[in-house]
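Structure at a glance
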Amino acid sequence: MSKLSDRVTRLGFSQTFVMSNKAREMKANGIDVISLTLGEPDFDVPDNIKQAAFDAINENYSHYSPVPGFLELREAIAHKLKRDNNLNYKPTQICVSNGAKQAIINVLAAIINDGDEVLLPAPYWVSYDEMVKMMGGNSVMITTSYLNDFKITAEQLEEAITEKTKAILFSSPCNPSGGYYTYDELKSLAQVIAKYPHITIISDEIYEYINYETKTTSIAQFPEVYEQTAVINGMSKAFAMTGWRIGYSACPEWLAKACEKIQGQMTSGANTVAQRASIVALKTDPSEYKYMIDAFKTRRNLVYDLMKEIPGFKVLLPKAAFYFFPDISHYIGKTLDGTEIKDADDFAMFILENAHVGCVGGVSFGSPECIRFSYAASEDDLREAMRRIKELLSKFN
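In this text the structure is predicted, and so the values were computed from the model without any measurement.

**Here we look at the packing of helix 11 (residues 290–307) against helix 13 (residues 379–393)**
Remark: helix 11 packs on helix 13, axes separated minimally by 10 Å, with the N-to-C direction vectors making an angle of 15 degrees. Between helix 11 and helix 13, the angle falls in the class roughly parallel. Seen from above, helix 11 lies across helix 13 with right-handed handedness. Counted together, T298, R299, L302, V303, L306 and M307 of helix 11 and E379, L382, R383 and M386 of helix 13 form the full contact between these two elements. Within the contact of helix 11 with helix 13, the residues separate by chemical class into 6 nonpolar, 1 polar and 3 charged.

Below, the structure is given as structure tokens:
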């Protein structure tokens, strides 16, 4: 009899952390590695947010908070959702969690029974499939590609729905593709899902501010699916607060209460100091933090120009987030310098070991022909990384 549960043996390790750890090991051994693996802003937390944390410590916010978060924070989140997304939520519909990852887990745990199906438009964030497995559900992939901007259509969605479908989980803006669904595209998806009131939409909007073209639309804006939608967001990306671990869900009352019940038996309320600082962050005009978005856009344009010159890469200009997700199918099935490239994970490892640039293969994103690069790095590192990859791959073309 195994000491480990079937649940944990079904899970895989995050490929993002596998590749970042490999890059760290190589660096520790004296190899000059440029790691573009993790989805983490390389900026420091803005000073007003840090000051709010100091103030919270001095004001002795050192005791348990309510399980769903301080009322003041939930009020600030409700205000932000109205101000930025035209969404009406009461504080009782909001649950503050230890990062957006826990917010998603709460929702899945609240709705998924063994054998239920969760639709995942591919590519998807690496943890989605593993989260569904953890809850006993089955992931159903809806395939997209470079040719259709990595987005599903209403027709594909309709075809994928079965009597076992319990939820659809997706991010817009998307990690890893850097794309997002437009108002009209989301409306067409909402019209399909509205026909199936037993289906819950889990809309991960953590990258909403990092959008270089327009304001991000939330699918919860469509009245026909408002009562079916769980909006997921948090402080990590727009405010560079990855280590502070504050995320949240905004849901219909019945689902919000279920999330609170689950979280109360798992972790209770999130870090109190980080909660108090998040109130200040959310109440600040988003334009105060726009300098980070502007820097990401400059880097995006730089990498796009350089990546277009890399042989065998098919690359789209990302419209949001801070990732490139080039199609590298040109190399799949080939042997490069003695290394057989069976899929994008093999290719990512080949790039790391030979060009000393870390990226993440697309297999665990549901796109085995693509690789993900984060451009949350300095311009010098980005230039050098693209130069190394181009020089390496030029040998094989």
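**Digging into the nonpolar core**
Of all hydrophobic cores here, the largest spans 78 residues; its most connected members are F313, F347, F373 and I389. Both domain 1 (6–44 + 289–394) and domain 2 (47–285) contribute no fewer than three residues apiece to this core. Filtering out sequence-adjacent residues up to four positions away, F373 remains in contact with L36, M307, F313, F322, Y323, F324, P326, V357, C359, M386 and I389. Counting 35 residues, the second largest nonpolar core, distinct from the first, contains L73, L87, V231 and A277.

**Notes on the pairing of strand 3 (residues 117–122)**
Here strand 3 lies mainly inside the structure; 6 of its 6 residues are buried. Bridge analysis of strand 3 against strand 4 (residues 138–143) gives 6 bridges, and the strand direction is parallel. By the bridge assignment for strand 4, A122 is matched with T143. Running through helix 6 (residues 126–134), the crossover from strand 3 to the neighbouring parallel element strand 4 is right-handed. Relative to strand 5 (residues 165–171), strand 3 runs parallel, the two sharing 3 bridges. The residue bridging V118 from the neighbouring strand is A167, located in strand 5.

**Looking at the packing of helix 5 (residues 100–111) against helix 9 (residues 253–266)**
At their nearest, the axes of helix 5 and helix 9 sit 9 Å apart, and the two run at 110 degrees to each other. What the angle tells us is that helix 5 and helix 9 run roughly perpendicular. Note on element contacts: helix 9 touches helix 5 through W254, L255, A258, C259, I262, Q263 and M266, opposite Q102, N106, V107, A109, A110 and I111. By residue class, the composition of the contact of helix 5 with helix 9 is 10 nonpolar, 3 polar and no charged.

**Considerations on the environment of I293**
Among the secondary structure elements, I293 is positioned in helix 11. Taking the C-alpha atoms as reference points, I293 and Y207, separated by 86 residues in sequence, lie 11 Å from one another. Sequence-distant contacts of I293, that is, excluding residues within four places in its chain, are made with Y209, I210 and Y212.

**Observations concerning the sheet that holds strand 7 (residues 229–234)**
Pairing in this open sheet of 7 strands is mixed, and the strands run 2-8-7-6-5-3-4 from one edge to the other. Two strands close off the open sheet at either side, each with one partner strand: strand 2 (94–97) and strand 4. When the angles between neighbouring strand axes are averaged without regard to direction, this sheet yields 20 degrees. Note that strand 5 and strand 6 (residues 200–204) share 5 bridges and pair parallel. Note that in strand 6 the partner of S171 across the bridge is D204.

Thresholds, definitions, all that
Residues numbered from 1 in each chain as written. Predicted model: local features only at pLDDT ≥ 70, side-chain atom pairs only at ≥ 80, totals over all residues. Heavy atoms only, no water. Axes fitted to C-alpha atoms, helices over the stretch in contact; angles between N-to-C directions. Helix = DSSP H or I, 4+ residues; strand = E, 2+ residues; numbered from the N terminus. Parallel < 35°, antiparallel > 145°, perpendicular 65-115°, else oblique. Left-handed = near helix turned anticlockwise from the far one by under 90°. Contact = heavy atoms within 4.5 Å. Nonpolar A, V, L, I, M, F, W, Y, C, P; charged D, E, K, R; others polar. Core = buried A, V, L, I, M, F, W, Y, C linked by side-chain atoms within 4.5 Å. Buried < 20%, exposed > 50% of the residue type's maximum accessible area, 1.4 Å probe, protein only. Domains from an automatic or database assignment. Pairing = 2+ DSSP bridges. Right-handed = clockwise from strand over helix to strand, strands pointing away.

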